[in-house]
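Inside the fold
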Amino acid sequence: MNNTFGRGLKQGLSVTWMLGKIMFPVTLIVTILQYTPILPWFIKLIAPVMQLIGLPGEAAMPLVLGNFINLYAAIGAIVSFEFTVKEVFIMAMMLSFSHNLLVESAVASRVGVSWWLIIGVRVGLALISAILINLFWNGGSEQAQYGLISANEVVLTSWGDIILNGLTTALFAILQIAIIIFPLMIATQYFREKGWLEKLSKAFAPFTRFLGMKENTSFTLVTGLTIGLAIGAGVMIQAVREDNVSHKDMVLALIFLVSCHAVVEDTVVFIPLGIPVWPLLVIRIFAAVILTMVVAFIWNRMENRRRRELRYEH
């Protein structure tokens, strides 16, 4: 048992180190950038585009902060302005698909899928959902009520304070990941060595087969759905080493998770904004399932055609 615990700790250290090498510099740079003219310039640049998806120019601020930093930064920006329920819902839907892009996409790309493809899928889903909501939802014209939350902007005046804040934020982000990763890796090791991981995979086998994947991807999907994309990708990398997950299943699982991950946290966080949150959850899951099934179908067709061509050649 002690050996199992030790192997779990070793895996936890390995995954945390892998994630930390990506998260620390990205988080540090982005945190510092928000106190420079670069982010305000970028926000001003894309503000005119907001009208195309039914949003005012002020919506650029939470969308940029959400994509460059995290959902909580975006929510802090949302409550700084007066938006309608429809406008807040559109932003929440977009941010559900596309948030913390640099960190999460960089980590997820470690499984062998193009970083730009991951960003493209997430941003594409965000834009498509915004356009469809703007076109087909005629309600939500009343002003959104933000409940008890309020904007909390940190005012830093010197570069020393800004850099220190960036370092603190980056280190705290890694600490948060480590607090989750270590017990998760230890539990995974116990599950694997006791045979429970195989039973869990079989329990979720119908769902993974429905999406076009083998059952040994189940644990990765469950982890990403409940905890998040970055940690899900870390578990996925470990699963490739330990459980012989194929490249195809790894890519399909990643496509599902970039569309739909941390479904509880990423949904509940929008409740204080006074919008209906169940549609956020349903739309994300539906989009992830459809997108993954379409990619799996195309992939299978291409594999079958390649096999037929090889048979004809021989």
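Keep in mind that what you see is a predicted model, and the values were worked out from it rather than measured. (Residues numbered from 1 in each chain as written. Predicted model: local features only at pLDDT ≥ 70, side-chain atom pairs only at ≥ 80, totals over all residues. Heavy atoms only, no water.)

**Remarks on the pattern of salt bridges**
For side chains of opposite charge, pairing can occur when their charged atoms come near one another. The condition that has to hold: Salt bridges are identified by distance alone: a Lys or Arg side-chain nitrogen within 4 Å of an Asp or Glu carboxyl oxygen. Strands are runs of DSSP state E lasting at least 2 residues, helices are runs of H or I lasting at least 4, and numbering of each runs from the N terminus. Relative accessible area decides the class of each residue, using a 1.4 Å probe on protein chains only: under 20% of the type maximum gives buried, over 50% gives exposed, and in between gives partly exposed.
Counted according to the given criterion, the structure contains three salt bridges. As a salt-bridge pair, Lys248 and Glu303 come within 3.6 Å of each other at their nearest N and O atoms. Remark: Glu303 occurs in helix H15 (residues 278-313) and Lys248 occurs in helix H13 (residues 247-259); sequence separation between them is 55 residues. This pair shows no difference in class: Lys248 is buried, exactly as Glu303 is. Residues Arg284 and Asp266 are paired through a salt bridge, measuring 3.8 Å at the closest nitrogen-oxygen approach. Of this pair, Arg284 sits in helix H15 while Asp266 sits in helix H14 (residues 263-268), and the two are 18 residues apart along the sequence. Through salt bridges that share partners, Lys248, Glu303 and Arg307 make up one connected network.

**Quick notes on the packing of helix H3 (residues 60-68) against helix H5 (residues 85-97)**
The condition is simple: Axis lines are fitted to C-alpha atoms, over the contacting stretch for helices. Their N-to-C directions set the angle, which ranges from 0 to 180 degrees. Each angle receives one of four descriptions, namely roughly parallel if under 35 degrees, roughly antiparallel if over 145, roughly perpendicular if within 65 to 115, and oblique otherwise. Rotating anticlockwise by less than a right angle from the far helix to the near helix defines a left-handed crossing, while the corresponding clockwise rotation defines a right-handed one. The contact criterion used throughout is that any non-hydrogen atoms of two residues lie within 4.5 Å. Each residue gets one label: Ala, Val, Leu, Ile, Met, Phe, Trp, Tyr, Cys and Pro are nonpolar, Asp, Glu, Lys and Arg are charged, and the others, such as Gly, are polar.
Closest axis-to-axis distance for the H3/H5 pair is 10 Å, and the angle between their directions is 15°. The orientation of H3 with respect to H5, classified from their angle, is roughly parallel. For the element pair H3 and H5, the recorded crossing hand is right-handed. Of H5, the residues touching H3 (which contributes Pro62, Leu63, Gly66 and Asn67) are Met91, Met94 and Leu95. Broken down by class, the residue content of the contact of H3 with H5 amounts to five nonpolar, two polar and no charged.

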